[in-house]
Amino acid sequence: MNTGKILVWALMLILAPVSGTTAAEKDLQKKFRDAVEAEDYDLIFRFGRPLTRELIAGNQMEAASLAYREMASACFFRGEFSQAVAYCASGLALLNNSKSPALAFKHTSTISQCYASLSLIDSAGYWFMKSEELLDHYPFIQKQDASFVKAFYNNLGAFHLQQQDTRQALLYYEKALDLAIQKKDKRATGVAYNSLANYYFHVADYDQAKAYYQTAITLFDPESIDKCWALLSLSHNEFQRKQYKKSLSYAKESRELYQVIIRNHPAAEHLLLEKHQLIRLSECYYRLERLDDAKTSCHQCIKLFGDVEYNRSEELAYCHLGLGRIYESKKNWDAALKSYQQALIASSISFCNYSFRHNPPTDDVLSSRALLDILTQKAGCLQKIPENLAGCENYEALAFDAYKRAVDEAEKLRKNMSMEASKLFFTERLRSVFDDAIALGYRISHKEQTNKKRWIENTIMLAERSRRVALTDVLHERYIKPLAFSSQVLEKEMLLRKNIAKSRIDYANEPDNARRDSIRLSMINEQVMLRKLLRQLEIDNPGYLAQRHHDPLMSVSKIRSKLDDNTAYLGYYFAKDHYYIYVITHKSTWISRLEIPVIFDRRLDQLQQALTTDPLLNSFAGADAVEKLYAQLIAPAYEHLRNYQRWFIVRDGRLNLIPFEVLREKGKKNPLTTSHGISYLPGADFLTLPSGNNRTITNMIGFAPYHKPQYADSASWLPRTENEIRSTSNLFFLGPEATKEQFLKIIGQADALHLATHAQYNDSIPENSYLSFSLTEANNRLFSHEIAGLPLGHIKLAILSFCDAERGKIHNGEGMLSLARAFRLAGCPGMLATTWKADDKITSYLVETFYAHLKAGESPDIALKRARSDYFASELGNAHNHPYYWANLIYIGDTSPLFSPALPFVKELIYYGVVPLFLLLLTFYHYRRKAQKTKPV
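Residues numbered from 1 in each chain as written. Predicted model: local features only at pLDDT ≥ 70, side-chain atom pairs only at ≥ 80, totals over all residues. Heavy atoms only, no water.

- An unreviewed UniProt entry annotates the protein as CHAT domain-containing protein of Ravibacter arvi.

### Observations concerning the overall build of the protein
- Helix and strand counts for the protein come out as 37 helices and 16 strands.
- Looking at the 937 residues of the protein, the share that counts as buried comes to 54%.
- Looking at the protein alone, contacts between residues at least 24 apart form 69% of all its contacts between residues at least 6 apart.
- Surface exposure of the protein reaches about 43000 Å², of which carbon and sulfur atoms provide 52%. (Helix = DSSP H or I, 4+ residues; strand = E, 2+ residues; numbered from the N terminus. Buried < 20%, exposed > 50% of the residue type's maximum accessible area, 1.4 Å probe, protein only. Contact = heavy atoms within 4.5 Å. Areas by Shrake-Rupley, 256 points an atom, 1.4 Å probe, with all protein chains shown as cover.)

### Considerations on the confidence of the model for the protein
- Taken residue by residue, the protein gives an average pLDDT of 80. The fraction at 70 or more is 79%.
- With pLDDT under 50 throughout, residues 1–19 is counted as low confidence; its partners more than four residues away or in other chains account for 30 contacts.
- Segment residues 474–485 is flagged for pLDDT under 50; beyond a separation of four residues in sequence, or across chains, it makes 43 contacts in the model. (pLDDT = per-residue confidence, 0-100.)

### Points about the sheet that holds strand β9 (residues 758–760)
- As summarised here, the arrangement of the 3 strands in space is β9-β10-β11, forming an open sheet in which the pairing is antiparallel. In the strand order of this sheet, the two ends are held by β9 and β11 (781–783), each with one partner. Ignoring strand direction, the axes of neighbouring strands in this sheet form an average angle of 25°. (Pairing = 2+ DSSP bridges. Axes fitted to C-alpha atoms, helices over the stretch in contact; angles between N-to-C directions.)

### A word on helix α28 (residues 623–633)
- The complete set of buried residues in α28 reads Ala-625, Val-626, Glu-627, Leu-629, Tyr-630, Gln-632 and Leu-633.
- Where α28 is buried, its residues contact β1 (567–574), β2 (578–584) and α27 (600–612).

### Thoughts on helix α11 (residues 186–202)
- Its 17 residues place the ends of α11 24 Å apart at the C-alpha level, agreeing with the 24 Å of an ideal helix rising 1.5 Å per residue.
- When you tally the buried positions in α11, you get 12 out of 17 residues, the bulk of the element.
- Among the residues of α11, Ala-188, Thr-189, Gly-190, Ala-192, Tyr-193, Asn-194, Ser-195, Leu-196, Ala-197, Tyr-199, Tyr-200 and Phe-201 are the ones counted as buried.
- Close packing links the buried residues of α11 with α9 (146–162), α10 (166–182), α12 (206–219) and α13 (225–240). (Expected span 1.5 Å × (residues − 1).)

### Quick look at the packing of aromatic side chains
- Scanning the model with the defined rule gives 35 aromatic pairs in all.
- Pairwise contacts between aromatic rings join Phe-105, Phe-128, Phe-148, Phe-152, Tyr-153, Phe-159 and Tyr-172 into one cluster.
- The cationic tip of Lys-106 hangs over the ring face of Phe-148; the distance from NZ or CZ to the ring centre is 5.3 Å.
- Above the ring of Tyr-680, the side-chain terminus of Arg-651 is found at 4.0 Å from the ring centroid. (Phe/Tyr/Trp six-rings, centres within 6.5 Å; stacked < 30°, edge-to-face > 60°. Lys NZ or Arg CZ within 6 Å of the ring centre and 35° of its normal.)

### Description of the UniProt feature "repeat: TPR" (unreviewed entry) in the protein
- In the UniProt entry, the feature "repeat: TPR" (unreviewed entry) is given for residues 150–183 and 190–223.
- Helix makes up 88% of residues 150–183 and strand 0%. Its end C-alpha atoms lie 10 Å apart. (UniProt positions renumbered as here; feature names shortened; annotations may be inferred.)

### A look at the environment of Ala-64
- Position of Ala-64 relative to the elements: it lies in helix α4 (residues 61–77).
- Measuring from C-alpha to C-alpha, the distance between Ala-64 and Arg-53 comes to 7.8 Å, with 11 residues separating the pair along the chain.
- Ignoring sequence-local partners within four residues, the contact set of Ala-64 consists of Thr-52, Leu-55, Ile-56 and Leu-94.

### Digging into the pattern of salt bridges
- Per the counting criterion, the structure on display carries 33 salt bridges.
- In this structure, the salt-bridge partner of Asp-435 is Arg-431, at a minimum N-O distance of 3.8 Å. Here Asp-435 and its partner Arg-431 are both found in helix α21 (residues 419–445), 4 residues apart, which amounts to about one turn of the helix. Like Asp-435, the residue Arg-431 is buried in the burial classification.
- In this structure, the salt-bridge partner of Glu-858 is Arg-866, at a minimum N-O distance of 2.8 Å. (Salt bridge = Lys/Arg side-chain N within 4 Å of Asp/Glu carboxyl O.)

### Concerning the side chain of Glu-409
- Within the secondary structure, Glu-409 is located in helix α20 (residues 392–415).
- A polar side-chain atom of Glu-409 sits 2.4 Å from a polar atom in the side chain of Arg-405.
- Not counting residues within four places of it along the chain, the set of residues in contact with Glu-409 comprises Thr-362, Val-365, Ser-368, Leu-371 and Leu-372. (Polar contact = N/O pair within 3.5 Å; in protein donor to acceptor, adjacent residues only side chain to side chain.)

### Focus on the environment of Ile-217
- With respect to the helices, strands and loops of the structure, Ile-217 is situated in helix α12.
- Sequence separation of Ile-217 and Trp-229 is 12 residues, and the distance between their C-alpha atoms is 9.2 Å.

### Considering the state of the cysteines
- Enumeration over the complete set of coordinates arrives at 1 disulfide.
- Across a sulfur-sulfur distance of 2.4 Å, Cys-301 and Cys-319 are joined as a disulfide pair. Of this pair, Cys-301 sits in helix α16 (residues 291–305) while Cys-319 sits in helix α17 (residues 314–329), placing them 18 residues apart in sequence.
- Free cysteine Cys-298: the closest other cysteine sulfur is in Cys-319, separated by 6.2 Å. (Disulfide = S-S within 2.5 Å.)

### Things to note about the nonpolar core
- Core analysis: the biggest nonpolar cluster contains 90 residues, and Leu-430 and Tyr-569 have the highest contact counts within it.
- A per-element tally of this core places α21 first, with 11 residues.
- In this structure Leu-430 touches Val-407, Ala-410, Arg-414, Phe-425 and Val-469, once residues within four positions along its chain are discounted.
- The next biggest cluster of nonpolar side chains, apart from the first, holds 89 residues, and it includes Val-626, Ile-678, Ile-787 and Leu-854. (Core = buried A, V, L, I, M, F, W, Y, C linked by side-chain atoms within 4.5 Å.)

### Comments concerning unusual backbone geometry
- Residues other than glycine seldom take positive phi values, yet Asn-59 does so here, at roughly 65°.
- With respect to the helices and strands, Asn-59 occurs in the loop between α3 (41–57) and α4.
- For Ala-204, which is not glycine, the phi torsion reads 65° and is therefore positive.

What follows is the structure, given as structure tokens:
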């Protein structure tokens, strides 16, 4: 808290009405001012709460609002962000913004920073925007409290940097710097340059970061803690550049300066800085292979913390982790594992098992980030132990368990990240953990005297889990269905979870036993409240938990139970140098690892280009690629697939670019689509098969906005779409009637959809891809993020015959985030989607024939297979047999039949003709005999 705030508080008290103020009230005001000046948080709360009540009772609203602001600031510095938001909200409620915009700005900016600290991205963004609006409307705020505004810009820059919006982050950091320079505030200018340096460090421009760190150092006082931190940041920058000697030099300089400051000013002791200095020194020594020096620095750092059993923290965990790495380098396996176990203890709340065979339980976590790093390092160490040591095989199993536990913590970390940060974390950090764990599981499964079936299933489950983790990126706060859940509901759940996490940290660091018991009781109460909230949410919003949080991962045995005796599940997982193919059937499970060929990517590019380029002649340039890719992707597993007519295929990474239907064995003419029905799945979670339920389509609604040339651009005309829509839909809308408004209005009446229109994919922001109901009207675009928010659980099938509908931005393990994916997220179980723009006459033929086979009782995957067979046998197919024309349609999702099987003609004739005639004759004969018996003689 700075002096400016105290002066503002004093000024507010002077301006406030004083008539009727009692001596007790004056004494309360003085005590509160003293507590604020002394930064005694306990006293601020003790005197602030009764003071606000007195001020409100005396109608001194602005003074009361400022008191709330001081209490919110105290909460913020204590890390109690939820309570800080509550105080600021109370303070805002007392204000009239037009009369006190400067104070309103402090409230809104504090709220925004609290939400950012809680990783509530949308909420933080909203309050940052409100704060900026106040600055725009009232420019004098910047002049009145430049230091606070500068801090706001720094915070806003950090927020945008966290969201990977580097352009906006740089803009706000530069604003903070300009403001500091204008005010000729040397220290503030140094802090601004340091923030800019942090920005350039984040974007990996280490040269520019170094220049700004050095500028900041020159602006700070020669003997200041600020300079120590800046030198340490510079050391970190050089460490990232792998300039370990320079990094060590700057870390030493920071350490030596700090020791001088402490000798001259003992009160300036800063333990956190000292700990970070020692950690950095140990890392530099370790990289320079000065292992004894590294060991000494680690021990010094650990000594600062005291006994690990009573002083737990992320910093201490990293000290023990560094010590373990040193022992591991010396091949002192026992000491290394002991250090890693102490690191696990330091990063947990109450876990205290010193045996390396044990890991902390999932609900006993102080620092997920530290646990992830420690468990990964521990797993690597366990694998390095020589095989001639007793129990080596068991060490590998323990390593596998450590990897699985590391993934648990990684998922916790990603839940509180923005979508972009989460993807970056998965790509740069977590994917390698999955790669190592899957490689280990595969290695164990191929050893003698092991339970091969168990380890094959363990390995497959990790591959499926990797895919699941990547798919959760679309389930962050901003992607929750807006029509189903309010932001207040989501915010309440998130705040409870954050409070529980904060209580765990407080519990671990509290030395007083009575206070620890109190915190534990509070934590239990919050957990009870969370369970009650989730139960109520499930009652009020059926399906909330299934949509907001993933269901448990489907096990291999559960996958097997979903497969009939005619269906196989074929999955792929791509690591750095190898790829895995696995097959699950109702009887068996199989997995194989192969090296990625050097020209594999080139073959994928060759095939993709050959498929999506409109052929001038009837030659197919991808003939060699389809045979080579068949040999690499299908042939290794075909022995386990040959007896199954239907395949669920789960692609990975760049495999999402190609339709497997075009692949064929060398020397054979027919592609896979002639012999097998194929359905694509994002992962096992989307696996459903016929259950005997009646899913018959009764009301398909179609839209064809471009069936006639309405625009100057003749390329927008899709003349065949009218016949296509008429052949499939009970109710349809054409041309000007096929609008976004009409679609949203009628969607609740449909149980199937057919959209024959144009689509536009946005490569940089996938959720802004859209399907178009009009080329000229922007409000007639239905965006991907809008589709994902629609309640489409009642839709049994969506036919998406629009251009580039299944084209998307690819992330390993995630598949295509595209318009077709948006329909799946909205609850639609099955989709027929186009993957590139082809001839609309041929596409319409295939769609119409597909639907005819569907109505005859075929499952969707087999209906598409038969539609292609009909096409190949037709004159149209003979004239246009290039895969460009027929391979652009793929089926995604549920393969349950959507109509009752049709009876063959002969059976229909017998059933509807012969049987009724026989019954009629039998009746006639019965009455004839009866009449003869009753006739008089």
